[in-house]
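# Fold and contact review
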Amino acid sequence: MRIIFIGFGTVGQGLAELLLEKKSILLKEYGLDFTTIGISDTLKGSIFNPEGIDLRKALDTVKKEAPLSEGAGEKYPGDALAMIQEANADVMLEATYTDIKTAEPATSHIKKAIERGMHVVTTNKGPVALYYNELNSLAKNKGVQFLFEGTVMSGTPVLNLLRETLAASTIQEIKGILNGTTNYILTRMEEGLSYEEALKKAQEFGYAEAMPDADVLGWDALAKVTILAKVIFGAKGKPFDYPCEGITGISSSAIADAKSRGKRFKLIGKIWKEGNLVKASVEPAEIDLSHPLAGVMGATNAITITTDTLGEVTIVGSGAGKRETGYSMLVDLIKIGGQK
Ligand code: HSE
């Protein structure tokens, strides 16, 4: 399988490491062998080689903070769209920064790749939250797959669970903690760190978005809520159609006060149905300490799914991180090309 990376930041590198680490399992158990033929990144530069790029060298080069072309291959002069146009790849891996307002440049990358007949795997929330229906139809018409497991709860298999494992169930409500950064900040603030210190740590661990405002204002959780509303509930709404409030109004003293009353602040995303209407929201809520969501700490995420078949199903797992989000892309790649 010939692949190109569009975006080689935290997530792209997380996937590259896993492709190297799992090489023999992928070949032995799924008959999958990957050749990377291009990497395009606005900060790290671009390299292209139809014969194949050494991913180990690419990872070592970016680790040294050198441009990719100074250690891993020949410099590619064009931009991402030019590479997608030129590359004869089977899959385009889109892991550029999320822009929840415009969904660009990721949407253009995805459209171009689908037009070229490539499967697309993305962790970019913008295109799915804004243009899921259009992109999905485009992919169907072209007979390619458009997969985005990592957009909600990183590698924790939420979309696969909802779309496949809970087959024929009616999903009545989804509710939970959908942003790792804010949950991490609230956790550390409760332990005594200031808001700024906690945010800095979340950035160091690679949880936060490139513009962390998107996390703390609730926009990242809103994007995920919108993705679930569209993909699982068939809603047509765009992110800012739903009410959204982040955690910037929550002080350390409010957190301590809530705790003294047996409560804990969590940023809660929720999607539910009222008749035929799909409703959604993101807002901080004081959760009773005895509730399962109150015990979900750090960058961990969790959702409770209310179904007509099983009642409530709760899934708890990582919601952000390099290896965790890289893993979601690996799972999508296996779905596209793996043979059991
Ligand atoms: N910034 C996001 C978070 C990354 O903190 O959850 C995963 O989408």
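What you see is a predicted model; the values in this text were computed from it and never measured. (Residues numbered from 1 in each chain as written. Predicted model: local features only at pLDDT ≥ 70, side-chain atom pairs only at ≥ 80, totals over all residues. Heavy atoms only, no water.)

### Observations concerning the overall build of the protein chain
Across its full length, the protein chain holds 13 helices and 11 strands. A compact globule built from 340 residues should have a C-alpha radius of gyration of about 20 Å, and the protein chain, at 20 Å, falls within 12% of that. Along the first, second and third principal axes, the C-alpha atoms of the protein chain reach 65 × 45 × 40 Å. Residues counted as buried form 54% of the 340 residues belonging to the protein chain. Considering only contacts within the protein chain whose residues lie at least 6 apart along the sequence, 71% involve residues at least 24 apart. Approximately 14900 Å² of the protein chain is accessible, and the part contributed by carbon and sulfur atoms is 49%. Averaging the coordinates of the 38 positive side-chain charges in the protein chain and doing the same for the 42 negative ones gives two points 3 Å apart. (Helix = DSSP H or I, 4+ residues; strand = E, 2+ residues; numbered from the N terminus. Rg over C-alpha atoms; globule rule 2.2 N^0.38 Å. Buried < 20%, exposed > 50% of the residue type's maximum accessible area, 1.4 Å probe, protein only. Contact = heavy atoms within 4.5 Å. Areas by Shrake-Rupley, 256 points an atom, 1.4 Å probe, with all protein chains shown as cover. Lys, Arg positive; Asp, Glu negative; His and termini not counted. Charge placed at Lys NZ, Arg CZ, Asp CG, Glu CD.)

### Regarding the site of the ligand
In the region of the ligand, the neighbouring residues are Lys 125, Asn 179, Gly 180, Thr 181, Tyr 207, Ala 208, Glu 209, Asp 215, Asp 220, Lys 224, Gly 319 and Ala 320. In the model, an oxygen atom of the ligand is placed 3.4 Å from a nitrogen or oxygen of the Asn 179 side chain. Within the contact set of the ligand, a nitrogen atom lies 2.7 Å away from a side-chain nitrogen or oxygen of Asp 215. Its free accessible area being 250 Å², the ligand has 94% of it covered by the protein chains. Mapped onto the shell around the ligand, the elements with two or more residues apiece are helix H8 (180–190) and helix H11 (219–231). (Near = heavy atom within 4 Å. Polar contact = N/O pair within 3.5 Å; in protein donor to acceptor, adjacent residues only side chain to side chain.)

### Quick word on the domain arrangement of the protein chain
Under the domain assignment used here, the protein chain contains domain 1 (2–155 + 322–337) and domain 2 (160–318). In this structure, domain 1 and domain 2 have C-alpha centres spaced 27 Å apart. Across the boundary between the two partners, domain 1 contributes 21 residues, which contact 29 residues of domain 2. Carbon and sulfur atoms make up 62% of the surface buried where domain 1 meets domain 2, a total of about 2100 Å² over both sides. (Domains from an automatic or database assignment. Buried area = accessible area lost by both parts, 1.4 Å probe.)

### Regarding the pattern of salt bridges
Where charged atoms from two side chains of opposite charge come close, those side chains can pair. Scanning all chains against the criterion turns up 16 salt bridges. For the salt bridge of Glu 190 with Arg 264, the shortest nitrogen-to-oxygen distance reads 2.8 Å. Here Glu 190, found in helix H8, pairs with Arg 264, found in strand S8 (residues 263–274); they are 74 residues apart in sequence, far enough to count as distant. On the basis of relative accessible area, Arg 264 is assigned to the buried category, the value being 14%. Arg 261 serves as the salt-bridge partner of Asp 257, at 3.0 Å between the closest nitrogen and oxygen. The class for Arg 261 is partly exposed, based on a relative accessible area of 42%. Connected through salt bridges with shared partners, the residues Lys 125, Glu 209, Asp 220 and Lys 224 form a single ionic network. (Salt bridge = Lys/Arg side-chain N within 4 Å of Asp/Glu carboxyl O.)

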